[in-house]
Amino acid sequence: MIDDPVDLDSYQGVCHLFSALSSPARAATIHLLSEGEKTVGELVDSLDISQPLMSQHLRILRDSRLVNSRRAGRSIYYSLADDHVAHVFLDAWSHSRHEEASEAPQSALR
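What you see is a predicted model, and the numbers here were worked out from it, not measured in a lab. (Residues numbered from 1 in each chain as written. Predicted model: local features only at pLDDT ≥ 70, side-chain atom pairs only at ≥ 80, totals over all residues. Heavy atoms only, no water.)

Draft legend 1. Local environment of the nonpolar core. Grouped together as the largest cluster of nonpolar side chains are 21 residues, with contacts concentrated most on Ile 30, Leu 43, Met 54, Leu 66, Val 67, Tyr 78 and Leu 80. Elements represented by at least two residues in this core include exactly helix H2 (24-33), helix H3 (40-47), helix H4 (51-63), strand E3 (75-80) and helix H5 (83-103). Those residues in contact with Met 54 that sit more than four places away from it in its chain are Thr 29, Val 40, Leu 43, Val 44, Leu 47 and Ile 49. (Core = buried A, V, L, I, M, F, W, Y, C linked by side-chain atoms within 4.5 Å. Buried < 20%, exposed > 50% of the residue type's maximum accessible area, 1.4 Å probe, protein only. Helix = DSSP H or I, 4+ residues; strand = E, 2+ residues; numbered from the N terminus. Contact = heavy atoms within 4.5 Å.)

Here it is, written out as structure tokens:
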């Protein structure tokens, strides 16, 4: 008996999410925001990238609905859209760090 074919279009959302996280600067931004709300200036200082480049990365993350922004006076604060974003990122980051450690030569682990 043949099962119904998988609807590949149903995976577009998850592919869009991982595409948004495919830049090291955007992944690091998500990681920093998992620790709490940050201003653009704080993110620029932490990542040592230009403000225009940070703004481009934040636009992609906003368009992907991964981060929210709020204005307070002259500052714009960014935060994760919800706890799911942090969980997805932190699980993937932990997994990648675990793989890196398991690939290290045994002498480096001693």
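After that view, the rundown keeps rolling.
Draft legend 2. Structural detail: unusual backbone geometry. Of note in the backbone geometry, Asp 48 takes a positive phi value of approximately 55° without being a glycine. Here Asp 48 lies in the loop between H3 and H4. Classification of Asp 48 by relative accessible area gives exposed; the value is 70%. If you check the backbone angles, Arg 65 has positive phi at about 60° while not being a glycine. Looking at where Arg 65 falls in the secondary structure, it is placed in the loop between H4 and strand E2 (67-72). The exposed category is assigned to Arg 65, whose relative accessible area is 70%.

Draft legend 3. Structural context of the pattern of salt bridges. Summed over the entire model, instances satisfying the criterion amount to two salt bridges. Taking the shortest distance from any N to any O, the salt bridge between Arg 70 and Glu 37 comes out at 2.9 Å. Of the two residues, Arg 70 sits in strand E2 while Glu 37 sits in the loop between H2 and strand E1 (38-39), which places them 33 residues apart along the sequence. Residue Arg 70 is classed as partly exposed on the basis of its relative accessible area, which comes to 40%. The closest approach of N and O atoms between Asp 63 and Arg 59, which form a salt bridge, is 3.6 Å. With Asp 63 and Arg 59 both in helix H4, this residue pair falls four residues apart, about one helical turn. (Salt bridge = Lys/Arg side-chain N within 4 Å of Asp/Glu carboxyl O.)

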